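Here is what each chain is made of, one letter per residue.
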Amino acid sequence: MQDYSFTVTGYAGFEDEVLGLRNANRSKAQTRGYLDWRYRGLLNAPEPKVFWIKSSSGRAVGMSSLIFRPYWVNDRPLHLAVLGDISLDASLRGKGLGQKLLHFVTRYIDEHLPDCVGFVIPNSVAKKSLSLIGWRIGGKLIPHVFLLDSADKLHELVRNRWLATWAARRFRAIALGILRLNLKERCSMELIPAPDDSFEALWQNLPKVGLIVRDMGSGSLAWRYVDHPHHKFRFAKFTRAGDPIGFVIFSLSPEDHTGLVYDMVVRKQGDVKSIVAAFLMHCFAYESISTVRLLMNDDHPYCRGLWALGFVPRKAAAVFQVYTPKNRIQGSPSKWAITWGDKDI
């Protein structure tokens, strides 16, 4: 093998190189506008860092990046260094270069970002390499699935369309009955075009002690959901007697017949079931949607009791890994609260 060098730059001034190398090593190409959106700094975040593998001729053959996202760790703001855009020319895979690149990134965190914490939702290859260089598994990401329309699933079992349809109607009636039992009095849901002041108030008043949670203030929500260059998101506000008690951000995919919950904030833990029940009852109105999916880490505080509403937990879809710099002083243990919204989309 020829000699390879490792260098680090910012994103500004290298946008087209990042786009070209990333798209060359992905099955789905992205646009420059999408990358500019993703690499945009939020809440006084440090500038993104791009890590390169260069051949002896100076050609970029691999890359990765750190983008700094605002989180709250035990009620204190902190920018996590989110690892992403790991790319390597296909002809060079399996030769150890990818692991050397990730080791280079990790050393950079130790030397230049001692007060930061690394975070990644890796694929299986990156997960193995990162584990070898000190990144630990922070938790599993569990899809929780709720069937709005079970006719197709039942038809696969009984092979009789009439019987499957009849049974699905009975299942729907039972499911709605269970949801009504969990819906507290005077809890109502309203769809709004964009996050309003109540979202900001709910986030500011949310107890964050003992949690590690991504910032969901108005600026962060506007960037991630309102300004997204490709996807359209919906915003549901929940109130009790006119008083805001929570919000849910979700999207609908008629092609997949699926509704995806990306983020949820609830003022009091005791209202989680009521808000989820109201949301699911609303989802029954979407004729093109047969399934609602809610992804959370296995220790998420909102996970408790979802089974009682009819959600079925599936096999872990992924894990997330965390890196703490060697010289960083460990704080008190905190629980992670990860959702679909933590993954770049």
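These numbers come from a predicted model, not from an experiment.

Conventions we followed
Residues numbered from 1 in each chain as written. Predicted model: local features only at pLDDT ≥ 70, side-chain atom pairs only at ≥ 80, totals over all residues. Heavy atoms only, no water. Phe/Tyr/Trp six-rings, centres within 6.5 Å; stacked < 30°, edge-to-face > 60°. Helix = DSSP H or I, 4+ residues; strand = E, 2+ residues; numbered from the N terminus. Buried < 20%, exposed > 50% of the residue type's maximum accessible area, 1.4 Å probe, protein only. Lys NZ or Arg CZ within 6 Å of the ring centre and 35° of its normal. Axes fitted to C-alpha atoms, helices over the stretch in contact; angles between N-to-C directions. Left-handed = near helix turned anticlockwise from the far one by under 90°. Contact = heavy atoms within 4.5 Å. Nonpolar A, V, L, I, M, F, W, Y, C, P; charged D, E, K, R; others polar. Core = buried A, V, L, I, M, F, W, Y, C linked by side-chain atoms within 4.5 Å.

Novice: Tell me about the packing of aromatic side chains, residues and numbers included.
Specialist: Tallied over the full model, the rule gives 20 aromatic pairs. Look at Tyr-262 and Trp-340: their rings are 6.5 Å apart centre to centre, the planes differ by 50 degrees, and that puts the pair in the tilted class. Of the two residues, Tyr-262 sits in strand S11 (residues 258–266) while Trp-340 sits in the segment after strand S15 (335–337), which places them 78 residues apart along the sequence. Tyr-262 gets classed as buried once you look at its relative accessible area, which sits at 8%. Through successive ring pairs, a cluster of aromatic residues spans Phe-6, Phe-51, Phe-104 and Tyr-108. Directly above the aromatic system of Trp-52 lies the positively charged group of Lys-54, at a separation of 5.9 Å from the ring centroid. Lying across the ring of Trp-72, Lys-208 places its NZ or CZ 5.4 Å from the centre.

Novice: Can you break down the packing of helix H6 (residues 161–182) against helix H9 (residues 272–283) residue by residue, with the values?
Specialist: Interhelical geometry of H6 versus H9 gives an angle of 145 degrees and a closest axis separation of 8 Å. Judged by the sense of rotation from one axis to the other, the crossing of H6 with H9 is left-handed. Residues Leu-176, Leu-179, Arg-180 and Asn-182 of H6 touch H9, and the partners they reach there are Lys-273, Ser-274, Ala-277, Leu-280 and Met-281. In terms of residue class, the contact of H6 with H9 is made up of five nonpolar, two polar and two charged.

Novice: A description of the nonpolar core should follow, citing residues and the corresponding values.
Specialist: The biggest cluster of nonpolar side chains holds 52 residues, and the ones touching the most others in it are Phe-146, Val-248 and Phe-279. Of all the elements, H9 adds the most residues to this core, at eight residues. Discounting residues that sit within four places of it in the chain, Val-248 has contacts with Arg-234, Phe-235, Ala-236, Phe-238, Val-261, Asp-263, Met-264, Ile-275 and Phe-279. In terms of nonpolar packing, the next biggest core, distinct from the first, is built from 26 residues, Tyr-4, Ala-81, Leu-92 and Leu-102 among them.

Novice: I'd love a proper account of the environment of Leu-35, names of residues and values included.
Specialist: Looking at the element boundaries, Leu-35 is found in helix H2 (residues 32–38). A sequence separation of 24 residues divides Leu-35 from Tyr-11, and the C-alpha atoms of the two residues are 9.7 Å apart. Once residues within four sequence positions are removed from consideration, Leu-35 is found in contact with Tyr-11, Val-18, Leu-19, Arg-22 and Asp-85.

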